[in-house]
Structure formats: structure tokens, C-alpha cells
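# Understanding the architecture of this molecule
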Amino acid sequence: MSVELMVWDEPVPISRDQARATYLAVKRTEPGDGPAPDVAKELPGEVTLYPGHVLVTMDLDTMDEVAAQVFTVARAHGMVCYDPQRDLVHNVAPLGVYEGMQLHTGDGMIVNDPDLGLVHDVLATMSPQNPFVALVNFGRHFLQVSPGYELEYKEGTLIRTMVEDLPEVQQSFHDYATGDRAFLNRHTWSQ
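Notes on the structure in this doc start here.

Cut-offs applied
Residues numbered from 1 in each chain as written. Predicted model: local features only at pLDDT ≥ 70, side-chain atom pairs only at ≥ 80, totals over all residues. Heavy atoms only, no water. Helix = DSSP H or I, 4+ residues; strand = E, 2+ residues; numbered from the N terminus. Rg over C-alpha atoms; globule rule 2.2 N^0.38 Å. Buried < 20%, exposed > 50% of the residue type's maximum accessible area, 1.4 Å probe, protein only. Pairing = 2+ DSSP bridges. Axes fitted to C-alpha atoms, helices over the stretch in contact; angles between N-to-C directions. Contact = heavy atoms within 4.5 Å.

Our focus in this paragraph is the overall build of the chain. Across its full length, the chain carries five helices and 11 strands. Computed over its C-alpha atoms, the radius of gyration of the chain comes to 18 Å, within 12% of the 16 Å expected for a compact globule of 191 residues. For the C-alpha atoms alone, the extent of the chain along its principal axes is close to 60 × 30 × 30 Å. In the chain, buried positions account for 45% of the 191 residues.

Taken together, five strands build an open sheet; the order of strands is β2-β3-β1-β4-β5 and the sheet is antiparallel. Looking at the sheet topology across the chains shown, the edges are occupied by β2 (46–50) and β5 (88–90). On average, each strand axis in the sheet is inclined to that of its neighbour by 20°, with strand direction left out of account. Sheet topology note: the strand β1 (residues 2–8)/strand β3 (residues 53–59) ladder contains seven bridges and is antiparallel. Along β3, the bridge assignment pairs Glu4 with Thr57. Contacts from helix α1 (residues 16–27) reach β1, β2, β3, β4 (80–83) and β5 within the one sheet, and its direction differs from that of β1 by about 105°.

Each regular strand carries side chains that alternate between the two faces of the sheet. Residues Val80 and Tyr82 point to one face of β4 and Cys81 and Asp83 to the other, with burial holding for every one of them. The pairing of β1 with β4 spans three bridges and is antiparallel. Residue pairing for β4: Met6 is matched across the bridge by Tyr82. With three bridges joining them, β4 and β5 adopt antiparallel strand pairing. Paired with Cys81 across the two strands is His90, which belongs to β5. As consecutive antiparallel partners, β4 and β5 are separated by four residues, and within that stretch Asp87 has a phi angle of approximately 55°, a positive value.

Structure representation (C-alpha cells):
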């Protein structure tokens, strides 16, 4: 079984709906007609060129490793990357305040310097197949959540709290990623 990612240029961040619509529209066209982005030469996996778009196909077994490379190359070129399997879009911006921050998911996705929209959207994908989401600033602190909305925060000591709903989890992750510690005061934490 194989999986795909699509990379292209967008002047501003786009939504998952916009990315999905672009991906589906491009897939209905024939590959190879017109100029392809220069980024195609640097992308791993099997590359199929479409006008202004690059489709990267990879094996399911190597998906996490190859996808991480594709995200990194796309970001370096200022390009959007759409993941149709997870229905997630990786925009170039806006980013959090911690350079080198990583987004980890329980289904194996790792993204360096994730955009804030991706962090927001990936939190809604938690399920038995994706049992956690974490933002990690190695050697400093992290915030993670598991189904049932148990938040764990570690900066020295690990503390935990239960959160009622997904919007509060998304707000807490946004606060954390932007350097705002308001989420720590909104909840009662225990060790």
C-alpha cells in the first residue's frame, strides 16, 4: 500500500478544506503538463510532477520517515504540503515562538516547527489510532494530551489535569506554542 503527499506554493496559509480541494483538482489532471516546482529535485519518495504541484508517493512502511523529510523540504522552500491520509495541511506560517519545537502524534507523525493551524487541526485527530498529541521543546518543557483530554505539562515536574473539551485543549496548545502560560492558570493541576 502507498500513501501520498502533495506540495505546492501558496502565498498565504490555507485551510484544510482549501488544501483538500486543490489536491483533488490536481489529481483530476494529467501529470507532466507544464512547469513543475524546482523543489521536486529535493523531495524523497516517488515524485510525480503536475503543473505547479508535486505529488510524493511513498510506502506505508516508510511513511513517517519520508513524510518528515517532505515537510522539511517543503518548509525550506516556503511551500504548502497536504497530507490526504490525515487530511492535514502543513502551512509555512504562523509558527510558535520556540525554534525547533516538535509536534508528535501517536500515529507516528513528527513535524519540526509546526505551524499553529496544523497543531490546532491535529488535535482533532486523536483516536484509538492516534492516542496522543505532544508539543515538545527538548531539554526544556512539553505539553501533551491523550483521549479523554488529560493534559500533561512538564517543565521540571510533570503535572496533570483533565480538560472538558477539545476547544480548551486547542487553546491550551496554542497558548503553550506562543509562549503564553495562561493555560497553567486556567486549570487545577496535580502531580
